[in-house]
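# Tertiary structure, described
Each chain, written out:
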Amino acid sequence: MVRYRKVSKFYGKTQVLHEIDFDLAPAEKVAVIGPSGSGKTTFARVLMTLERPTSGTIEVDGELLWHKKKGGKLVPADEKHLHQVRGKIGMVFQQFNLFPHMNILRNVTEAPIKVLGLSKEEAIEQAKTMLDKVGLLDKIDAYPSQLSGGQQQRVAIARALVMQPKIMLFDEVTSALDPELVGEVLGVIKEIAAEGKMAMLIITHEMGFAREVADRVVFFDEGRIMEEGPPEKIFGDSPKSPRLRKFLGSFCQQTIESMSNWR
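Quantities reported herein were computed from a predicted structural model and do not represent experimental measurements.

What follows deals with the nonpolar core. Core analysis: the biggest nonpolar cluster contains 39 residues, and Leu-131, Ile-157, Phe-170 and Ile-189 have the highest contact counts within it. Where this core is concerned, the elements lending two or more residues are helix H3 (104–114), helix H4 (120–133), helix H5 (149–161), strand E9 (167–171), helix H6 (179–195), strand E10 (199–203) and helix H7 (207–213). Considering each element in turn, this core owes the most residues, eight residues, to H6. In this structure Ile-189 touches Ile-157, Phe-170, Val-173, Met-200, Ile-202 and Phe-209, once residues within four positions along its chain are discounted. Core analysis: the next-biggest nonpolar cluster, separate from the first, contains 29 residues, Val-2, Leu-17, Trp-66 and Leu-169 among them.

The subject of this paragraph is the packing of H4 against H5. For the pair H4 and H5, interaxial distance at closest approach is 9 Å and the crossing angle is 135 degrees. What the angle tells us is that H4 and H5 run oblique. Seen from above, H4 lies across H5 with right-handed handedness. Residues Met-130, Leu-131 and Lys-133 of H4 form the contact with H5, whose own contacting residues are Val-155, Ala-158 and Leu-161. In terms of residue class, the contact of H4 with H5 is made up of five nonpolar, no polar and one charged.

Cut-off values and rules
- Residues numbered from 1 in each chain as written.
- Predicted model: local features only at pLDDT ≥ 70, side-chain atom pairs only at ≥ 80, totals over all residues.
- Heavy atoms only, no water.
- Core = buried A, V, L, I, M, F, W, Y, C linked by side-chain atoms within 4.5 Å.
- Buried < 20%, exposed > 50% of the residue type's maximum accessible area, 1.4 Å probe, protein only.
- Helix = DSSP H or I, 4+ residues; strand = E, 2+ residues; numbered from the N terminus.
- Contact = heavy atoms within 4.5 Å.
- Axes fitted to C-alpha atoms, helices over the stretch in contact; angles between N-to-C directions.
- Parallel < 35°, antiparallel > 145°, perpendicular 65-115°, else oblique.
- Left-handed = near helix turned anticlockwise from the far one by under 90°.
- Nonpolar A, V, L, I, M, F, W, Y, C, P; charged D, E, K, R; others polar.

Here is the structure:
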């Protein structure tokens, strides 16, 4: 579903991604972990089309994202092409970005009507289904300011799901939440993952959650994928990288706490 090939990113003279090769299979759930400044957020942002890679290519569902083929050569893609390809990706960010002047139902129906061309009736029906999935059907008439942070993030998840993406990208979606609200959001993501329908890329600092939900865990450090494998390998007794061992050691207590929070 997603393929990075030799993707690099520079900010001025500073290189933050180093020739990343990465594949995400259909329906696969991959957790991306690593210390702050390791490159994992930039790794996500080039897929979200929020940052243009300096070199390399990214494919989404078999289509080039940042490039198009023209006359046998790769040329930069135009905005129309970017919009079309990124439409296959549902994105949920740290900040909820809900429209404060719209009630919850309209927050979730706005994009399906304007982007997918659904009728108002179809959009409302799908929105209610997704809001029910995230446990907020009873809040359709409320406004974002009337909801907790955890509830707002669950609305953001419903808003992404209603666009029927093939890939869901979660970028540190619990970072802005109070600790007591983290569990309700992770619980929703866990339920979506258990359905097994979509590929999911989860940038997270919740180690216990990553261990329970992911099919594969990718460890980033200094702009490189340093180690990857199934959770039992990454979180087991034999990580190859000393840097990964040190990183996990610093999260040992947090892992125990986060697992108890979302269960």
